Each structure stands twice: as C-alpha cells, then as structure tokens.
Amino acid sequence: RESVRELLKHRLFVLTGGPGTGKTHCIKYAVRAWKAADPNVTIRIACFTARAARRAREFVVDDNVRPVTMHSLLGARFGRDGWD
C-alpha cells in the first residue's frame, strides 16, 4: 500500500526489489489507482528484461498501459555493430 501511495505522488517512480517482493503486484494496483484518478492517462512501464515486461503484461491488461523493456522505451536497437 505504501508503494502505491508513493507511485501516485510522482510522474516517475523506480520500483525495485528481489524476487517475490511484490513488484508486479504493486504495478497492478498502481495502474488501477492511476486509471481511477485519470481514465485518460497513458502509462509506460519500463522493465529491465523482456521476461519482466511479459510478466507485467499478464497482470496489466489495458490499452493505455504498455509494459516494455527499458531499451525499447528509449528507442535503443541492437544491430551488427552493437547498440545504436
């Protein structure tokens, strides 16, 4: 509950924790709270790994919420010569 309250106070929030600490669960409830406060809000969730983004998509089913990797959110591309 404390994490969700903090999430709602800021436009940018970094949520960290080890396995099983409830990060995905927190995201689920934070998105619900944001949508209740402003139904037109667009939310981007930046995840460190593709696996984490897929997991977040399982919990967050909303057209205006898109869990993606940090690399794709920043527009980074990996090519023959490395990261662009």
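Just above, that's the structure.
Now, about the nonpolar core: what can you tell me, with residues and values included?
Among the nonpolar cores identified, the biggest contains nine residues, and these are I27, V31, I43, I45, C47, A53, A56, V60 and V65. Those elements that provide at least two residues to this core are α2 (23-37), β1 (43-47) and α3 (50-59). In terms of residue count, the dominant contributor to this core is β1 (three residues). Among residues more than four places away in sequence, those in contact with A56 are T24, C47 and P67.

With reference to specific residues and values, describe the packing of helix α1 (residues 2-9) against α2.
In the contact formed by α1 and α2, the axes pass within 9 Å of each other and the chain directions differ by 45 degrees. Classified by the interaxial angle, the pair formed by α1 and α2 is oblique. With respect to the hand of their crossing, α1 and α2 are arranged in right-handed fashion. Here S3, V4, L7 and L8 of α1 lie close against α2, whose contacting residues are C26, Y29, A30, A33 and W34. Tallied by class, the residues present in the contact of α1 with α2 amount to eight nonpolar, one polar and no charged.

Please give an account of the environment of R66 that cites residues and values.
Note that R66 resides in strand β2 (residues 65-69). Overall, R66 belongs to the partly exposed group, its relative accessible area being 42%. C-alpha separation for the pair R66 and I43, spaced 23 residues apart in sequence, amounts to 6.7 Å. Ignoring any residue separated from it by four or fewer positions in sequence, one finds R66 in contact with I43, R44, I45 and R57.

Cut-off values and rules
Residues numbered from 1 in each chain as written. Predicted model: local features only at pLDDT ≥ 70, side-chain atom pairs only at ≥ 80, totals over all residues. Heavy atoms only, no water. Core = buried A, V, L, I, M, F, W, Y, C linked by side-chain atoms within 4.5 Å. Buried < 20%, exposed > 50% of the residue type's maximum accessible area, 1.4 Å probe, protein only. Helix = DSSP H or I, 4+ residues; strand = E, 2+ residues; numbered from the N terminus. Contact = heavy atoms within 4.5 Å. Axes fitted to C-alpha atoms, helices over the stretch in contact; angles between N-to-C directions. Parallel < 35°, antiparallel > 145°, perpendicular 65-115°, else oblique. Left-handed = near helix turned anticlockwise from the far one by under 90°. Nonpolar A, V, L, I, M, F, W, Y, C, P; charged D, E, K, R; others polar.

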